[in-house]
Amino acid sequence: MSFGIKPLGTKVVLKKIEAEEKTEGGIILASAAKAPTNVGEIVAAGPGTDKEPMVVTVGEKVIYSPYASSTNVEFEGVDYVIMKQSDLLAVLE
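Only a predicted model underlies this, so the values are computations on that prediction, with no experimental measurement involved.

**Student:** What's the story with the environment of Thr71 in this structure? I'm lost.
**Tutor:** Looking at the secondary structure, you find Thr71 in strand E4 (residues 70-75). Classification of Thr71 by relative accessible area gives partly exposed; the value is 46%. Through-space distance from the C-alpha of Thr71 to that of Met83 is 6.6 Å; in sequence the pair is 12 residues apart. If we skip the residues at most four places from it in the chain, Thr71 touches Tyr80, Val81 and Ile82.

Now the structure itself:
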């Protein structure tokens, strides 16, 4: 899937998934009360390298390191994050 950003090597492009604004009981949370989220959906992935093949695919939801070396990009009015595959911590199933 190509949407205009094509990552190289072992980089991935994520669209951040924002924290819920309501609790399960329906209480609306103030922005200060929301826990920061480090969850995103992979919207593009590089081809990988001989030493590090890609193990994630487009469409997977992942948890990434809050200390990851990443680049924030706005493309066509949407905010994305570009980071190395090695900064991903887990795939959500």
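**Student:** Explain the nonpolar core to me, please; I cannot follow it from the model alone.
**Tutor:** One broad trend across soluble globular proteins is that nonpolar side chains are buried collectively. If you look at the biggest cluster of nonpolar residues, it comprises 11 residues: Val12, Leu14, Ile42, Met54, Val56, Val62, Tyr64, Ala68, Val81, Met83 and Leu88. Broken down by secondary-structure element, the contributors of at least two residues to this core are strand E1 (11-16), strand E3 (61-64) and strand E5 (78-84). Look past the residues within four positions of Val56 in its chain and what remains in contact with it is Val12, Ile42, Gln85, Leu88 and Val91. By size, the runner-up hydrophobic cluster in this structure holds 6 residues, among which are Phe3, Val13, Val43 and Ala44.

**Student:** Could you clarify how one ought to interpret unusual backbone geometry in this entry?
**Tutor:** Most peptide bonds take the trans configuration, and most residues that are not glycine carry a negative phi. You will see that Glu76, though not glycine, has its phi angle at about 50°, which is positive. Along the chain, the position of Glu76 falls in the loop between E4 and E5.

**Student:** Which parts of the structure should I look at to understand the pairing of E3?
**Tutor:** Where a strand is regular, its side chains alternate between the two sheet faces. On E3, burial follows the alternation: Val62 and Tyr64 on one face are buried, whereas Lys61 and Ile63 on the facing-out side are not. Sheet analysis places strand E2 (residues 39-45) next to E3, joined by 3 bridges and oriented antiparallel. When the bridges of E3 are listed, Gly40 appears paired with Val62. Judged from the 4 bridges that link them, E3 and strand E6 (residues 88-92) form a sheet pairing that is antiparallel. Paired with Ile63 across the bridge in E6 is Ala90.

**Student:** Hey, could you run me through the sheet that holds E4 in this one?
**Tutor:** Working definition: the strands of a sheet are paired by backbone hydrogen bonds and lie parallel or antiparallel to each other. Taken in spatial order, the 6 strands make up an open sheet running E4-E5-E1-E2-E3-E6, and their pairing is antiparallel. Each edge of the sheet is formed by a strand with only one pairing partner; in this case those strands are E4 and E6. Here the average twist between neighbouring strands, direction ignored, is 40°. Taken together, the 5 bridges between E1 and E2 define a ladder with antiparallel strand orientation. Paired with Lys15 across the bridge in E2 is Glu41.

Calculation rules
Residues numbered from 1 in each chain as written. Predicted model: local features only at pLDDT ≥ 70, side-chain atom pairs only at ≥ 80, totals over all residues. Heavy atoms only, no water. Helix = DSSP H or I, 4+ residues; strand = E, 2+ residues; numbered from the N terminus. Buried < 20%, exposed > 50% of the residue type's maximum accessible area, 1.4 Å probe, protein only. Contact = heavy atoms within 4.5 Å. Core = buried A, V, L, I, M, F, W, Y, C linked by side-chain atoms within 4.5 Å. Pairing = 2+ DSSP bridges. Axes fitted to C-alpha atoms, helices over the stretch in contact; angles between N-to-C directions.

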